Amino acid sequence: MDAYQIYALCYAGPLEGPGALTMWNRDWEARGQRAYYFWCLLGPGGPVVLDCGVGPQQAGERGLPGYLSPVELLARLGVEAAKVPHLVLSHLHWDHVGGAALFPAAQVHVQEAEWRFWNEDPVARRSVFQMLRDDQGLAALEAAQAQGRLRLHQGDAQLLPGLELIAAPGHAPGLMALRAAAAAGPAVLGSDCGHTYRNYAEDWPSAFICDLPAWLRSMQRLRGLVQRPELLFPGHDIALSRDFPEVAPGVTRLA
Ligand SMILES: [Zn+2]
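Nothing here was measured: the structure is a model prediction, and the numbers come from that model. (Residues numbered from 1 in each chain as written. Predicted model: local features only at pLDDT ≥ 70, side-chain atom pairs only at ≥ 80, totals over all residues. Heavy atoms only, no water.)

A closer look at the overall build of the protein chain
- On a plain count of helices and strands, the protein chain comes out with 9 helices and 13 strands.
- Judged by the C-alpha coordinates and their principal axes, the protein chain covers about 45 × 40 × 35 Å.
- Out of the 255 residues belonging to the protein chain, those deemed buried represent 53%.
- Per element, the accessible surface of the protein chain, about 10500 Å² overall, is 54% carbon and sulfur.
- In the protein chain, the 20 positive side-chain charges and the 26 negative ones have mean positions that sit 1 Å from each other. (Helix = DSSP H or I, 4+ residues; strand = E, 2+ residues; numbered from the N terminus. Buried < 20%, exposed > 50% of the residue type's maximum accessible area, 1.4 Å probe, protein only. Areas by Shrake-Rupley, 256 points an atom, 1.4 Å probe, with all protein chains shown as cover. Lys, Arg positive; Asp, Glu negative; His and termini not counted. Charge placed at Lys NZ, Arg CZ, Asp CG, Glu CD.)

Rendered as structure tokens:
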């Protein structure tokens, strides 16, 4: 089977903040850096995009430095956002779902547990979750649903040959990762199941916890799905920009 090429697209950052943000209840005195990514896989099934960044208006409202349009970043890979056939959303926090309207032709893949939480559970309207919510992104998903483009998954699923959706809840009720056949072996884009490589290496989550026991089980599971820890990729680690070959400004090849 042909392998997928995996790219990280950095749409904002780097930003500096308290270390305790990415290492829960530790590193109170330390400072940590983070950046904002989405991912594109090129392979036999055509381009598949994991998460979608945010639009320019949302970037302005959130005060994101170094913002680049997801449409422009994908164009640097020769991919037209408006024609992308599959958009996988790891979870529905603002920084992962905000740009969903930029992909008007895509089948949009979401875990049903995640969809139901943000749309049906009253607790998702409370201020802690309101901070993570993006009504523009959720409205774009409702439009996708009305157009028959929303695919809700219950747990693991095969998306295409060599591409699997892996349920990994904890950071969010229905977080999912994407496992891809890459030339170097199976690779897992874990999104925010680990914000940084350190989260996986030290078995320690970030501060944004929804279900801690579930999260610890998910981290263990994702670590077990790769043959080498370097092939389990985190969601916000600046190493994704720093330690991999840059194929275009803001775009690095991970595998
Ligand atoms: Zn995130």
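That covers the picture; the talk isn't over yet.
A closer look at the environment of Val226
- Relative to the helices and strands, Val226 is located in the loop between helix 8 (212-223) and strand 11 (232-233).
- With a relative accessible area of 12%, Val226 lands in the buried category.
- As a C-alpha pair, Val226 and Gly185 span 41 residues in sequence and 7.7 Å in three-dimensional space.
- Setting aside anything within four residues of it in sequence, one finds Val226 in contact with Pro186, Ala187, Val188, Leu231 and Leu232. (Contact = heavy atoms within 4.5 Å.)

Details of the coordination of the zinc ion
- Each protein donor to the zinc ion is listed here as Asp95 (OD), His96 (NE2), Asp192 (OD) and His236 (NE2); together their distances run 2.0 to 2.2 Å.
- Geometry at the zinc ion is irregular, judged from the 4 donor atoms that bind it and their angles of 87 to 166° at the metal. (Donors = N, O, S within 2.8 Å, 3.2 Å for Na, K, Ca; no water. Tetrahedral: all angles 85-135°; square planar, octahedral: opposite > 155°, others 65-115°.)

Some words on the sheet that holds strand 12 (residues 246-248)
- Pairing within the open sheet is mixed, and its 8 strands lie in the order 6-5-4-3-2-1-13-12. The open sheet has two edge strands, strand 6 (150-153) and strand 12, and neither has a second partner. Averaged over all pairs of adjacent strands, the angle between their axes in this sheet comes to 30°, without regard to strand direction.
- With 3 bridges joining them, strand 3 (residues 48-50) and strand 4 (residues 86-88) adopt parallel strand pairing. If you follow Leu50 over to strand 4, its bridge partner there is Val88. (Pairing = 2+ DSSP bridges. Axes fitted to C-alpha atoms, helices over the stretch in contact; angles between N-to-C directions.)

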